Each structure stands twice: as C-alpha cells, then as structure tokens.
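Single-letter residue listing:
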Amino acid sequence: MRRWCVAVYALVLLCSLPRIGAQALGFTLIAPNEDELLLCSLNVDRELLSQELETYVTERGLFIPLGTVCRLIECGLDVDPGRGTASGYLWDEAHAFSLDMVSRSVRVAGERGLYDEARIVAHPDDIYVEVSLLSEWFGIPIQADRYDAAVVLLPRTKLPIQLRLEREQRGGKTTRYGVEERSYFPRAANPYRFLDGFNLDFSVGASLYSSSSGNGVSLSGPTYSALLTGDLLWMSGSLSVAGKLDGSNFVPTSLYGVLRRVDPDGKLFGSLGGTEFSIGKVSAVLPSLLGASASGYGASVGNYALTSPSYFDLQTLSGPLLSGWDVELYRNDSYLDFRKADASGTYTFADIPLVFGTNLLRLEFHGPLGQKKTEEHIYNVGSNMTPPGTLSYRASATAEEEGGQFALQTTYGLSKYLTFSSSALSGVFPDGRNLHVQAGMAGYFSRLQFDVSAAYDARHSGFAGDLGLRTQLLGLGLSWRGTYYDDKWEKANASSSDPPYQTRSVLRVDGLSLKMDKFYASLSSSWISTLYREGCRYDLFALRNYNSYRAIRLRNELNLSRHYYGPSSQVLYADGSTTANARIGEVDLEASCGYDIYPEAAIESLSFSAEAGPFLSVKVSGAATYSLSSDLLSASISLYRDVSPLRLGLTGTWTTRNAFSVSLSISTSIAFDSKSGAIAVDSRSGAGQGSIAARVYLDANYNRKWDKGEDALKDVGFIVNDSGAESLTDAKGNAFLRGLSANLPLNVEVDETTLEDLLLVPADKGLSCVLHPGTAARLDFPVWITGEVSGTIWAVEGGVRRELAGARVELLDSSGAVIGSVRSAYDGYYVFSALKVGPYTVRITKKSADEKVAYITRVVNIPQNGGYVDGADLEYRPFDDTSETGAGGCAGQ
C-alpha cells in the first residue's frame, strides 16, 4: 500500500512540474481574458493574410501572437508557450532568433538583449508580444489600429510569404511555359488574287566625280532602280529593274522577276504539305559540303518552316517535392512556370519546349520557411534538328549556262535526340554532268550536340565529310568542327579567291563574361587551321573582347596568324583593332584604330564617324579615315531629309589626293489598294513589305459584321505584334497600316487606350493574318458598347451584417444561361465587366444542413448606350432566418 501511495504522489508531482517550474523560473502561463480579446486582420503591405488574428488589448498596449504571425508570414520559428521559448530564424538562416522568458533574454541575428517582462505574456496557445516590441525584434514597422481592427506589417524587403504569393501569381499567368512563344489570334483569310494592288519603290540618282589623275569632272548617271510587287496569277509577284537613263530611253542593266506563293501552315499541294513555291529567279538548293549558295532562273518548292522554329522538342522534369515547398522553372534565365507539391509529394513540368542552342533549365526550390535550393539541367540542340516524325524537303531546278541544275534536300526526325538528313545535286561541270550525294546525322545527348555528314562526288570518285561537336562546360560554350575533302573532290560554285583545301578545323570558346552593376565584359576566342591541297597551312587565332558601361561600348580584336609553306618557310603575323562607341544625347559616335603588332608594331589606320538627327528635319552622318601606311585621308558626309512623299539624299566624299564626288538621290514609294482605290505615297520603301486596310466600327447588333448605318470610329490606333502602329483611323473608320512583315503570321489588335470611352470594348482580342508583299489585307475590327455590374455580398445572421468573402457569384443572361462567375473579394466586393447591353441576373447559392439548395438573385439591366450598374448587392441569410422572404431569401431581389 505504501508503494502505491509513493507512486501516486510521484505522478502528481510530475504532472505539476511544468506549472511549478514556470512559476519558479520567472514566468507564468496566464489564461486569456476574453474581455480583452480583439479579432484583427493581418496584412503584409496590401496583402491580406488573415481576418481572424486573435489579439489582446490591455492598458500596456496591443499584444499579438508571435507563433501565429510567424506561421502566417512563413518564418521558420518554433514557439513553445509552455516553456516560454521560441527558436529558429525569421526571413532566412542569417536572421536567427531565440527567446527565453525564464531569463528574459532574446537573441536576434546574433545580438543578445533583454526586454521588459511586462511587454510579453505566455498564454496556453501562444506567446503574445506587445506590438512595438515585436516591431523592434523583426526590424520592420508594424502598424496596429484598434479602431479598424487591423495589424499591418510594412517590410522593407519582401517576406517569404510575399515571395511565395508572387511566385503563385506569376505561375498562374503562364500557359505553355511562359511568354517566349507567341500565341496567334484567330487567322483572318487573305487569299491570293489574279491581280490585286501594287507597291512601287522607285529611286533615281546621279553623281559628279573627279579622280586624282586630273582628268576633270565627270558625270555618272543618271541611274534608276525600281521594285514592283503585288498579287499576280494568284501568287505574289516581284519585278526588279535597274539601269541608266539614256536620253528618252530606259536601258536596263539588270532585270529579273519571281512569282512566289507561301503558306506558313503547310497546306500547299495537298498531302505534300508545302510551305513555299517559287518560279523565276530562285535560290538553288545546295548541300552543305558542295559549295556556296547560288541563284538562277527556274523553280523551287519546299515545306521547311519559313522562319526558324521557336522550339525544337519537349523535355519533362519531375521529382520529389515535400509538402509546403514549391518550385519555379527557368530556361536560360527566362521564367517559364511554377509548381506546388501535389498529393503524391512530387512535381512535374511536362513537355518543356527546348530552343535551338543551349538550354539551361534551372529549378529554383522554395521551402515553407524560406529555404532555397537550385538544380540545373543542360541540353544543347543544334539548329539542324527536326522534330521526331517530321519529314522536311526542299527541291529546286534552275537553268545555268552549262545546263540545268537539279537539287533535293531532306531531313527526317528519327527521335527527339536524332535527325537524319540527305541531299543530292545533279549539275554540269566543265568536264560534264556530275552527281553529288550527301547523308548525315545530327543529335544531342544532354550537354553534347553533334552533327556528322559524308558526301560522294560520283564523276570524280571524290569523298568529303565533316563532324561538329558543341557542349557547355563550367559556363563556357565549346564548339569544334572538322571538314575534309580528298584530292578528287570538285566543289560546285568554287570561288577562285578561296583555293581548294583538304582539311579545316575550327575551335571556338564563348561565354566567358563578367557583370558588375552597369559594367559588362565578355571574352571569346577561335582557332582555325586550314591545310590546302598544295601542302601549305594557314593558322589563325582570334581573341575578341567586348565591354560596355552605361552608354559606352568598347570592342577589341586580336588576330595571330601563321602561313606555313614548309619547315624552312613560314610567316608569322599579328594585328588587331579597337573600336569605341558612345551615344551623347541624339548623337552616335564611333572611333576605331587598326594596328600591327608583329613583325613590326605600327598603327595602320584611324577612323572616326558620327551620326545625328534629325536636326531641322535633316539626318546627318559623317566619317573620316586616315591610313598611315598610304598617307591617305578620306572624308565623307551624308545628308538625308524626308520631304513627304520624297526622300532626298546628298553625299559628298573627298580625299587628300584631290579626288571628290557629290551624289544626289531621290526616292519614293507608292502603294495602291484596288478595293478602296486608295493610293498612299511615302518616302519610306515598302514594296517588299505588306500592308493592312483596317476598318473600325461600332457593332450595334453584336453580329461581328458591318451593317449599313453602323457608326465608324475615328482616331483609333492599332497594335501589331505587341508594337504600336503609327496610323489612326480617319472619319470613315479606315486606316492604312504600311511597312509590315510579309509571308509570316502577325497579330493585329485594336489599341484599347485609343478608344474614347472605357465602355467601348473590341469584340475580339485581335486577328492573325499573313500579308503579301505589295498588297493590302482587308480586316474589320468591330467594337461593342458594354456595361459593368458590381456590388457587395453581405452575410446577415442574428441581426449582424458583415461582408462575405469567397462567395461564388454567377451571372446569367436573359435566357437563364450562366455566362460568367467570380468569387467575392475579402470585403465582399464583386464585379462583371465588358457586358453587352440588356438584362442580366446575378445570383449566389446557399445550402441548408440537409443539403437543400436555394438561390439568392437580383435582376439588373445595362442600358442601350452602356453604363455602370453599381450597388447590385446581395444578402446571404440562413434558411431559418425569419426575416427571409420566399425560397430565394434575398433582400436585394
């Protein structure tokens, strides 16, 4: 029995230790006084974190809970009110924090101090700190307003919770990995026509000149050049002509034309999926090992992308992610996407598009208490890669002096890591017709990108091949390419200035850079070694440096070369150049110096140039160069002025050898729209570009079609591919947009900032269109008059009326169909914008305990001329509230 008594006594003593210890060690857990309780909202700047922060108002001030506040702002602090302690860190590990109520001491970021015990109290649920003391510990201002029941933290730097909310907000705005891929509006038709419009660029010029031989002054010209474009035979036609004006006759020195039809969507020739067909003066297809590109009269067809695609292929990254963590995805320092941990404790970024070149995929992990870690993945993708399963082709047939030349080039994506390519060329050489064939592979494996190809010269039994490698190591881009031709190989279009070589090796190192505030510096180098067929070798090492600070830029280039003709015959040479650029106000300045280093150090040349304007509507540029080796100074000055619709140019040159020239040029551009009969004359050239004849009108019946009697909108502007266009609509709602990119999709939208009334809203976000050179696409942009409905959702219960946050508010049209829904804000406010005129119903849903459903509704009406319907409030009442009327129970009905 005695043993049982001792055990019971020990148990009672053990259970009493926390309270006895707390009292003995200098603090006591105090039961909260409910009369002093004040529920407040907690805000960080303008961000609401909680509406029910329990604070206590005493004669000593306002006390707020340390643990609850740290949890809401996501600080890594562990609070134990039973022991009177708190430990951990605030914003990051550098701001360590510890509190001991027994010794009445606190340590913040390594500095220890004491505090007044009357300013801190331990309740069973948390440790409460007087607001000014907590502000001192946190090192940030804290505003506490008892009358508004609000506590506001005003940090000088962003807290972990703010950074996380920013990541979530940024992540919520991304679709398909960010902003780098342009999403096009719905495509507007712009069919080719038999004969439509034209755009003519025309210029004439003449020169007076003298030479140092003293033969007097001579006249060159006058000369002319013209480029005419427009639709012809359901294709885009282009005709270029240049020549001299000889009396009353035009004597062309060059004349060529081409008819071209393009389809960026690849719908030409049905199943062939062509993107381009040309006839006339076309570019011939040449395999990479066969020689330089060439052009001739003939035809070409292909389905290659009209521009380099934005993306090559897709990668997926996934892994474990602890609860409370999130992760951001970056590609080459550009933000792409955001993920939180899912129920399985993992993250997945599926189908990340890779760009051509180096792809540095960086994952930034953020913990719930401010923790951070980084993970990187690198992929190198060559520009010669093709998406898996894609077959691309290009073929040409051209007439040469020796005979016809036929060529075919194909690429096929075998997998996401491997592309196969092949090509063939049948052409006439001095010794007869020949056939060249070439095949190759390209691919990438994580950091390494490679391509290899081999070719065969059928007539001469020659072989050629090349191999290229590219990778990134320690932040540096490394690339190497080796090319080989045997002695029997004959190149197509071989240049006499480039004698045939047997091997060439090129090594490049890029990416070494330094960034400091507004200073930037980079360094790159290359080494080229060429072995020619006759046995000599040429080696060139180049070192390039670029520096910039504010508006000043400095470029340096150093070249070291060796000409090797044999063991006893070689020549070493070193030279370089330095160029400086600066902008002062509206003047661009450039100065450069060329110099030799070895075998003899000497300055070779000095030059200076400047460009300013427009000054009094005149753009001025000038340059001066002095060659020390030839003791020759030359200078030039050019003046340009746009006197609409003409551009006038005057250029003068002079040298110290008494040679000079004075040239005068006049140019203009004329565009014609065959549908409206409008003619636009401009000093800027536009024949190689497209244009849009746009019309903006008030669509009164919301049918997206112009009907007789609908009002035109004047002085409305446009945005083309995210850039503002210069033209505004006239009194008839028409605008002529010139100088736009042709043969590629572009986005066109109404600039909403130019609409005279905020209630005027474009019927559609915008249109996408493919323009033809020289012709104008006709696009209509209907605008609607709209209205706005807004109000507040109130909760009424027990005679108390308060704002209801998070209520789902639905908007119904006149037929009863739900056309929109929003949730009420923290203050109960909701708004529906850009609504057509007419009647609507707003409603919220409520449920009883037995799942009985009722709607609280209100009918509103937007007048015919648009307008704002404010104060469309709804009151949410419980089912058993006797003040409620009808099944809907809405005082605002």
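Residues numbered from 1 in each chain as written. Predicted model: local features only at pLDDT ≥ 70, side-chain atom pairs only at ≥ 80, totals over all residues. Heavy atoms only, no water.

## Side note on the overall build of the protein
Then comes step 1: Helices and strands together make up the secondary structure of the protein, namely four helices and 59 strands.
Then comes step 2: Taken over 893 residues, the protein has a buried fraction of 39%.
Then comes step 3: A separation of at least 24 residues holds for 50% of the contacts in the protein among residues at least 6 apart in sequence.
Then comes step 4: As presented, the protein carries roughly 48,300 Å² of accessible surface, and 56% of it is formed by carbon and sulfur atoms. (Helix = DSSP H or I, 4+ residues; strand = E, 2+ residues; numbered from the N terminus. Buried < 20%, exposed > 50% of the residue type's maximum accessible area, 1.4 Å probe, protein only. Contact = heavy atoms within 4.5 Å. Areas by Shrake-Rupley, 256 points an atom, 1.4 Å probe, with all protein chains shown as cover.)

## Quick look at the pattern of salt bridges
Then comes step 1: Tallying each qualifying case throughout the model produces 25 salt bridges.
Then comes step 2: R260 serves as the salt-bridge partner of E276, at 2.9 Å between the closest nitrogen and oxygen. Taken together, the residues E276 in strand β17 (residues 276–284) and R260 in strand β16 (residues 249–262) connect sequence positions 16 residues apart.
Then comes step 3: A salt bridge links R695 to D780; the shortest N-O distance between them is 2.8 Å. Of the two residues, R695 is situated in strand β44 (residues 690–698) and D780 in strand β51 (residues 776–797); the sequence distance between them amounts to 85 residues.
Then comes step 4: For R695, a relative accessible area of 26% corresponds to the partly exposed category. (Salt bridge = Lys/Arg side-chain N within 4 Å of Asp/Glu carboxyl O.)

## Quick word on the nonpolar core
Then comes step 1: I692, F718, F781, V789, I793 and Y830 are the most contacted members of the largest nonpolar core, which totals 48 residues.
Then comes step 2: In terms of residues, this core owes the most to one element, β51, which gives nine residues.
Then comes step 3: Dropping the residues within four chain positions of it, V789 is found in contact with Y830, V831, F832, L835, V842, V860, I862, V869 and A872.
Then comes step 4: One finds C40, A86, V129 and V151 within the second-largest nonpolar core, a separate group that totals 39 residues. (Core = buried A, V, L, I, M, F, W, Y, C linked by side-chain atoms within 4.5 Å.)

## A closer look at the confidence of the model for the protein
Should pLDDT be low for a region, the predicted coordinates there are not to be read in detail.
Then comes step 1: When pLDDT is averaged across the protein, the result is 83; 89% of the residues are at 70 or more.
Then comes step 2: Low pLDDT, under 50, characterises residues 1–25; the stretch is placed with seven contacts to residues that sit more than four places away or in other chains. (pLDDT = per-residue confidence, 0-100.)

## Structural notes on the pairing of strand β12 (residues 150–153)
Then comes step 1: Of the two faces of β12, both are covered, the one formed by A150 and V152 as well as the one formed by V151 and L153.
Then comes step 2: Where strand β1 (residues 37–44) and β12 come together, four bridges link them in parallel fashion. The residue bridging N43 from the neighbouring strand is V152, located in β12.
Then comes step 3: Both strand β11 (residues 142–145) and β12 contribute to a ladder of four bridges, which runs antiparallel. Considered in β12, the bridge of Q143 is made with V152. (Pairing = 2+ DSSP bridges.)

## A closer look at the sheet that holds β1
Then comes step 1: On the basis of which strands lie adjacent, the open sheet formed by seven strands has the order β9-β10-β3-β2-β1-β12-β11 and mixed pairing. At either margin of the open sheet sits one strand with a lone partner, and together these are β9 (120–122) and β11. Each strand axis lies, on average, 30° off the axis of its neighbour in the sheet, ignoring direction.
Then comes step 2: Across the sheet, helix α3 (residues 131–138) touches β3 (61–65), β9, β10 (127–130) and β11, and the angle it forms with β10 is around 90°. (Axes fitted to C-alpha atoms, helices over the stretch in contact; angles between N-to-C directions.)

## So, unusual backbone geometry
Then comes step 1: Following Y598, the chain continues to P599 via a peptide bond in cis, the omega torsion being 10°.
Then comes step 2: Positionally, P599 belongs in the loop between β37 (587–598) and β38 (602–615).
Then comes step 3: The omega torsion across S644 and P645 is 10°, close enough to zero to call that bond cis.
Then comes step 4: Within the secondary structure, P645 is located in the loop between β40 (632–643) and β41 (646–655).
Then comes step 5: You will see that Y702, though not glycine, has its phi angle at about 60°, which is positive.
Then comes step 6: Mapped onto the fold, Y702 is located in the loop between β44 and β45 (718–720).
Then comes step 7: With a relative accessible area of 17%, Y702 lands in the buried category.

## Looking at the packing of aromatic side chains
Then comes step 1: Inspection of the entire model under this criterion finds 18 aromatic pairs.
Then comes step 2: With a centroid separation of 5.6 Å and 70° between ring planes, the pair formed by Y347 and F365 is classed as edge-to-face. Of this pair, Y347 sits in strand β22 (residues 346–353) while F365 sits in strand β23 (residues 357–366); the two residues are 18 residues apart in sequence, bridging distant segments of the chain. For the pair Y347 and F365, a shared accessibility class is recorded, and that class is buried.
Then comes step 3: Plain terms: the ring middles of Y830 and F832 are 5.9 Å apart, the flat faces sit at 65° to each other, and that makes the pair edge-to-face. Exposure class is identical for Y830 and F832. Each is buried.
Then comes step 4: An aromatic cluster of at least three residues, connected via ring pairs, comprises Y417, Y444, F445 and F450.
Then comes step 5: The ring centre of Y501 lies 4.2 Å from the NZ or CZ of R504, which sits over that ring.
Then comes step 6: Sitting over the ring of Y855, R843 keeps its end group 4.0 Å from the ring centre. (Phe/Tyr/Trp six-rings, centres within 6.5 Å; stacked < 30°, edge-to-face > 60°. Lys NZ or Arg CZ within 6 Å of the ring centre and 35° of its normal.)

## Notes on the environment of N303
Then comes step 1: Here N303 lies in the loop between β18 (294–302) and β19 (314–320).
Then comes step 2: Given the relative accessible area of 15%, N303 is considered buried.
Then comes step 3: Residues N303 and F277 lie 26 residues apart in sequence; the distance between their C-alpha atoms is 9.0 Å.
Then comes step 4: Excluding anything up to four places from it in sequence, N303 contacts L272, G273, G274, T275, L391, S392 and Y393.
Then comes step 5: Of note is the side chain of N303, whose polar atom sits 3.1 Å from the backbone oxygen of L391.
Then comes step 6: At 2.6 Å, the side chain of N303 forms a polar contact with the backbone nitrogen of Y393. (Polar contact = N/O pair within 3.5 Å; in protein donor to acceptor, adjacent residues only side chain to side chain.)

## Brief notes about the sheet that holds strand β20 (residues 326–331)
Then comes step 1: On the basis of which strands lie adjacent, the open sheet formed by four strands has the order β21-β20-β23-β24 and antiparallel pairing. Two strands close off the open sheet at either side, each with one partner strand: β21 (334–340) and β24 (372–381). Here the average twist between neighbouring strands, direction ignored, is 20°.
Then comes step 2: Note that β20 and β21 share six bridges and pair antiparallel. Residue pairing for β21: Y330 is matched across the bridge by Y335.

## Quick notes on the layout of surface pockets
Then comes step 1: Estimates place the volume of the second largest pocket at around 500 Å³.
Then comes step 2: Looking at the second largest pocket, it is lined by 19 residues, and the ones nearest its centre are S41, L48, Q51, E803 and Y826.
Then comes step 3: Of all the elements in the fold, those that place two or more residues in the lining of the second largest pocket are β1, β2 (47–58), β12 and β52 (800–803).
Then comes step 4: A per-element tally of the lining of the second largest pocket places β1 first, with four residues.
Then comes step 5: Looking at the lining of the second largest pocket residue by residue, the classes come out as nine nonpolar, three polar and seven charged. (1 Å grid on protein atoms, 1.4 Å probe; cavity = no way out; pocket = protein on both sides within 12 Å on 5 of 7 lines; lining within 4 Å. Points joined across faces, edges and corners; volume = space filled by probe spheres on them. Nonpolar A, V, L, I, M, F, W, Y, C, P; charged D, E, K, R; others polar.)

## So, α3
Then comes step 1: Counting buried residues along α3, six of its eight residues qualify, which places the element largely inside the surrounding structure.
Then comes step 2: Every buried residue of α3 is accounted for by V131, L133, L134, S135, W137 and F138.
Then comes step 3: Immediately downstream of α3, the backbone of G139 shows phi near 75°, a positive value.

## Brief notes about the pairing of strand β33 (residues 519–532)
Then comes step 1: Two strands pair when backbone bridges link them, and strand β32 (residues 501–516) and β33 are joined in this way by 13 bridges, in the antiparallel orientation. Across the sheet, residue V506 finds its bridge partner in β33, namely I528.
Then comes step 2: In this antiparallel pair of consecutive strands, β32 and β33, the connection spans two residues, and D517 shows a positive phi of 55°.
Then comes step 3: Bridge count between β33 and strand β34 (residues 537–549): 13 bridges; the pairing is antiparallel.

## Things to note about a negative patch on the surface
Then comes step 1: A surface patch of negative charge is lined by E34, D35, E52, E54 and D125.
Then comes step 2: Relative to the helices and strands, D35 resides in the loop between α1 (2–24) and β1.
Then comes step 3: Taking relative accessible area as the criterion, D35 reaches 74% and is therefore assigned exposed. (Patch = residues over 30% accessible without salt bridge, like charges linked within 9 Å, V, L, I, M, F, W, Y side chains within 5 Å. Lys, Arg positive; Asp, Glu negative; His and termini not counted. Charge placed at Lys NZ, Arg CZ, Asp CG, Glu CD.)

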